[in-house]
Amino acid sequence: MELIPSKAAYGPDEPVVIELAGAASSTALPAGGTLVVTRLLDEVARIAVATDATSVALPGLGLGGFGVALELGGRIVARTAFDVLGDPFERPRYGFVAQLDGHADSAADAAFFRRMHLNLAQFYDWGWKHSELLPPEREYLDPLGQPRDLAVVNAVAEAFDAAGVVPLGYSAVYAVGNAEVEAWQDELLVRADGVPYRLGDDFLTLVDPAGPRWLAHYREMLSQALEGTSLRGFHLDQYGWPKRALRGDGARVDLAASYATMIAAVREAVPAARLIFNNVNDFGTAQTAGEAQDGSYIEVWPPHSTYADLGALALRTRALRPDHPPILSAYLSCYSREPAERADAAARLAMATVFSHGATHLLLGEQGRVLTDPYYPRNHALSPASVTMFAEWYDMLVRWGDLLTAPGQTDVTEFMTGGINTDLVFISDHGVRFSTRPEPGTVWTRVVRTARGLVVHLINLTAQSEITWDAGKSPASVVAGISLRFAPVDGDEVLHWIEPGADPRPLTADPADEVVATDALSASQSMLEYRLPELGDWAVLFLPDPDAEGDVHVR
């Protein structure tokens, strides 16, 4: 049995319903089944489940992230999570669809998005042409020959809309087909020798996204597409080059400035549309982050190749737009060339990195597929075991969203632990090394101050020989025998151990393990030592702030 929310995310006034997937076709639920709902460390609802129930309605619980567990016979048999948001872009979780013909299954797509809590969907290459999105007929081919059906596009968009998923249509902001070049000669982007910039020798030619004629056409095209489909907005794409160019009429073009101009003009033309712009490899982020779009999005490429690079991109982008978790599009091509065990291990470490830096990851879509390539039809079908693994990790992202993706976070790692710092001291019985940076063979530690309290991330790199994010990884070696020492501010403070697929575990210090610090900076303060559970891929230590607004403690 599985628990699946009726929506990928809920608005403040929407009823929350948890479906008991498989209940109708299985034997009746044993008497005494209970649905337990938690927020952070609090139990906020406990609802008896009828033996013939296929869904359970929850009471109004306010804004935030929530965990849900089904208890039967004294044990938990299924889990899920949900969040209630003022706007889905407060905690964006982006997925994709590329099958938009008669083989598409809108109900199955929506069910997968609901299970993974993906509240945004990119409709990849849904349009007829880059310069004319709406097709002349219902059935058509996209620019690369994929069959499309506008009725299917609308059916999938409507199914997503009903499921709490915002459907966004893909659109390149500056591309025309080579057959249309003559009509845009004065607005083409050209090299110093006058040759136009092209994607492929005979595919697309680039124009200035802020060129007056092109921008007027582009605005009108998006307005028509919004009116002529069930899409709710657009994923605005660039290709990452050129950075500067000449225009066909001789004007010099700074593409980052052109993108900012384009976003502002599109917003004016379609004020109700939801918009995301792709800052390829961080190009243009500084110029576009403050524009009237709904999120921050970066498609990641070398030299941003390591876990350190993923973390730095997330932190830099959050600094530019603090109230919106960045979306990192980091395609895992290792799924197309490595065994599932190694690819799944790479995915877990990528998610641990991205989620621990307050960002989210565009990777999943359709009915259980992962992106391996920038051309989305070249994706990879996951095994049922891999889908279950992703469900547990996305449940954690949503359930603990008040800690992981909420605004108001500050990275305090470099003055809290490691080096000369003794605020948080990690100790290993077996010689495990700890590092405040991602290094092979270590446990990577990060410390983040949030509005709810202190959050410490432990990411297990002990089995890894390198830290490239798009490379298969050895499954994590479980790390046992680690402890944390710190000086409590107010008596015996309780830590909470959080990891995917499990409830939080309270940790208390043994008074017999009290240690008096002897270094000159510590004023001989007493340090309590907390023995930590075995570490898998990623765990979070949460030290609640007793002065935080709202309850964070178990009653």
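See the structure above.
Reference entry: report on the structure contained in this document.

The rules behind these values
Residues numbered from 1 in each chain as written. Predicted model: local features only at pLDDT ≥ 70, side-chain atom pairs only at ≥ 80, totals over all residues. Heavy atoms only, no water. Helix = DSSP H or I, 4+ residues; strand = E, 2+ residues; numbered from the N terminus. Rg over C-alpha atoms; globule rule 2.2 N^0.38 Å. Buried < 20%, exposed > 50% of the residue type's maximum accessible area, 1.4 Å probe, protein only. Areas by Shrake-Rupley, 256 points an atom, 1.4 Å probe, with all protein chains shown as cover. Lys, Arg positive; Asp, Glu negative; His and termini not counted. Charge placed at Lys NZ, Arg CZ, Asp CG, Glu CD. Salt bridge = Lys/Arg side-chain N within 4 Å of Asp/Glu carboxyl O. Pairing = 2+ DSSP bridges. Axes fitted to C-alpha atoms, helices over the stretch in contact; angles between N-to-C directions. Contact = heavy atoms within 4.5 Å. Left-handed = near helix turned anticlockwise from the far one by under 90°. Core = buried A, V, L, I, M, F, W, Y, C linked by side-chain atoms within 4.5 Å. Phe/Tyr/Trp six-rings, centres within 6.5 Å; stacked < 30°, edge-to-face > 60°. Expected span 1.5 Å × (residues − 1). Polar contact = N/O pair within 3.5 Å; in protein donor to acceptor, adjacent residues only side chain to side chain.

This next bit is on the overall build of the chain. Across its full length, the chain carries nine helices and 37 strands. The C-alpha radius of gyration of the chain comes to 25 Å, within 12% of the 24 Å expected for a compact globule of 555 residues. Along the first, second and third principal axes, the C-alpha atoms of the chain reach 80 × 60 × 45 Å. Taken over 555 residues, the chain has a buried fraction of 57%. Carbon and sulfur atoms form 51% of the exposed surface of the chain, whose accessible area is close to 21400 Å². If you average the places of the 42 positive and of the 73 negative side-chain charges in the chain, the two averages end up 2 Å apart.

Applying the stated rule across the entire model yields 32 salt bridges. Among the salt bridges present, the one from Asp 294 reaches Arg 267, with a minimum N-O distance of 3.1 Å. Here Asp 294 is found in the loop between α5 (285-288) and β21 (297-299), whereas its partner Arg 267 is found in helix α4 (residues 255-269), with 27 residues between them in sequence. Here Asp 294 falls in the buried class, since its relative accessible area comes to 13%. For Arg 267, a relative accessible area of 15% gives the class buried. Between Arg 399 and Asp 503 there is a salt bridge, with the nearest N and O atoms lying 3.0 Å from each other. Of this pair, Arg 399 sits in helix α8 (residues 384-399) while Asp 503 sits in the loop between β33 (495-498) and β34 (505-507), and the two are 104 residues apart along the sequence. Residue Asp 503 is classed as partly exposed on the basis of its relative accessible area, which comes to 29%. Put simply, Asp 87, Arg 267, Arg 274 and Asp 294 are held in one network by salt bridges that share partners.

Moving on to the sheet that holds strand β2 (residues 16-21). One open sheet accounts for three strands, arranged β1-β2-β5; its pairing is antiparallel. Each having just a single partner strand, β1 (2-5) and β5 (55-58) make up the two edges of the open sheet. Recorded for the sheet is a direction-independent mean angle of 25 degrees between the axes of neighbouring strands. With four bridges joining them, β1 and β2 adopt antiparallel strand pairing. In the sheet register, Leu 3 faces β2, and the bridge partner there is Leu 20. Each of β1 and β2 touches helix α1 (residues 106-116); the most contacted strand, β1, lies at about 100 degrees to it.

Moving on, we come to the sheet that holds strand β3 (residues 34-39). Ordered by their spatial adjacency, four strands build an open sheet running β4-β3-β6-β7, and the pairing between neighbours is antiparallel. The strands lining the two open edges of the sheet, one partner per strand, are β4 (42-48) and β7 (75-84). Strand-to-strand twist of the sheet, defined as the mean angle between neighbouring strand axes without regard to direction, takes the value 20 degrees. Bridge count for strand β6 (residues 64-72) against β7 is nine bridges, and the pairing is antiparallel. Residue pairing in the sheet places Gly 65 in a bridge with Asp 83 of β7. Packed on one face of the sheet, α8 meets β3, β6 and β7 and runs near 50 degrees to β7.

Turning our attention to the pairing of β4. Sheet topology note: the β3/β4 ladder contains six bridges and is antiparallel. When the sheet's bridge partners are listed, Leu 35 is paired in β4 with Ile 47. With antiparallel pairing between neighbouring strands as the criterion, β3 and β4 make up a hairpin whose turn holds two residues, including Leu 40 at a positive phi of roughly 50 degrees.

For the rest of this paragraph, the subject is the packing of α1 against helix α2 (residues 150-162). Between α1 and α2, the shortest axis-to-axis distance is 9 Å and the interhelical angle comes to 35 degrees. Considering how the two elements wind past one another, α1 and α2 form a crossing that is right-handed. Contacts from Ser 106, Asp 109, Ala 110 and Phe 113 of α1 reach α2 at Ala 155, Val 156, Ala 159 and Phe 160.

With that settled, the discussion passes to the environment of Ala 107. Mapping Ala 107 onto the fold places it in helix α1. Between the C-alpha atoms of Ala 107 and Ile 276, which are 169 residues apart in sequence, the distance is 25 Å.

Now for the nonpolar core. Within the largest apolar cluster, 122 residues are counted, with the highest numbers of intra-cluster contacts made by Phe 123, Trp 126, Leu 364 and Phe 390. With near-sequence residues (within four places) excluded, Trp 126 lies in contact with Leu 100, Leu 133, Leu 134, Tyr 140, Arg 148, Leu 150, Val 153, Gly 169, Tyr 170, Ala 225, Thr 229 and Leu 231. Judged by nonpolar contacts, the second largest core, of 24 residues, contains Leu 424, Val 443, Leu 507 and Ala 509.

Further remarks concern the packing of aromatic side chains. Counted under the stated rule, the structure contains 24 aromatic pairs. Between Phe 66 and Phe 82, the aromatic rings sit 5.0 Å apart at their centres with planes inclined by 10 degrees, giving stacked as the arrangement. In this pair, Phe 66 is assigned in strand β6 and Phe 82 in strand β7, connecting sequence segments 16 residues apart. Like Phe 66, the residue Phe 82 is buried in the burial classification. With a centroid separation of 4.4 Å and 25 degrees between ring planes, the pair formed by Tyr 124 and Tyr 376 is classed as stacked. A residue pair is termed long-range when its members are at least 10 positions apart, and Tyr 124 in the loop between β9 (120-123) and β10 (139-141) and Tyr 376 in the loop between β25 (369-371) and β26 (379-381) qualify at 252 residues. Across the pair, Tyr 376 and Tyr 124 agree in class, each one buried.

Checked against the element boundaries, Leu 41 lands in the loop between β3 and β4. With 421 residues separating them in the primary sequence, Leu 41 and Thr 462 have C-alpha atoms 30 Å apart.

Between its first and last C-alpha atoms α2 spans 18 Å; for 13 residues at 1.5 Å apiece the expected length is 18 Å, and the two agree. Along α2, the residues that are buried comprise Leu 150, Val 152, Val 153, Asn 154, Val 156, Ala 157 and Phe 160. The N-cap of α2, judged by a side-chain oxygen 2.8 Å from the amide nitrogen of Ala 151 a few residues on, is Asp 149. Count one or two residues on from α2 and you reach Gly 164, which has phi positive near 80 degrees.

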